[in-house]
Amino acid sequence: MPMEMQTYRDGRKAADDAAEAIRAALAGLGLPEGVWGSVRPMVTHSGKPYVHLGMMRADAVAKIAEAVGTAEASELPLEAT
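The rules behind the values
- Residues numbered from 1 in each chain as written.
- Predicted model: local features only at pLDDT ≥ 70, side-chain atom pairs only at ≥ 80, totals over all residues.
- Heavy atoms only, no water.
- Salt bridge = Lys/Arg side-chain N within 4 Å of Asp/Glu carboxyl O.
- Helix = DSSP H or I, 4+ residues; strand = E, 2+ residues; numbered from the N terminus.
- Buried < 20%, exposed > 50% of the residue type's maximum accessible area, 1.4 Å probe, protein only.
- Core = buried A, V, L, I, M, F, W, Y, C linked by side-chain atoms within 4.5 Å.
- Contact = heavy atoms within 4.5 Å.

Caption draft 1: Just the pattern of salt bridges, in detail. Evaluated as defined, the whole model comprises four salt bridges. Measuring nitrogen to oxygen at the nearest pair gives 3.0 Å for the salt bridge that ties Asp16 to Arg12. Residue Asp16 and its partner Arg12 are both found in helix α1 (residues 5-28); the two are separated by four residues, about one turn of the helix. On the accessibility criterion, Asp16 (30% relative accessible area) is partly exposed.

This is the structure:
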């Protein structure tokens, strides 16, 4: 059964908003566009919103983890390998 257009639009808006929020947050951490440029909003066939973050370098992920306050972040190296 095809989804209704409004369901898609609502899902797309939620995914777009979330993707833009994470892009802004990653840019705010000083991470280059190469890290956050591949963030993409997605909508499933049922209309559920998702955000695909893509593959990220370990040093960028360590910086993200530190920013969100995980205890393990302090144990991760921040320099590129």
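Caption draft 2: Local environment of the nonpolar core. Within the largest apolar cluster, seven residues are counted, these being Ala19, Leu26, Leu31, Val35, Trp36, Val39 and Ala60. Among the elements of the structure, α1 and α2 (33-36) are those that each provide at least two residues to this core. Setting aside anything within four residues of it in sequence, one finds Val35 in contact with Met56 and Ala60.

Caption draft 3: Layout of the environment of Ala25. Position of Ala25 relative to the elements: it lies in helix α1. When its relative accessible area of 41% is taken as the criterion, Ala25 is described as partly exposed. Measuring from C-alpha to C-alpha, the distance between Ala25 and Ile64 comes to 9.2 Å, with 39 residues separating the pair along the chain.

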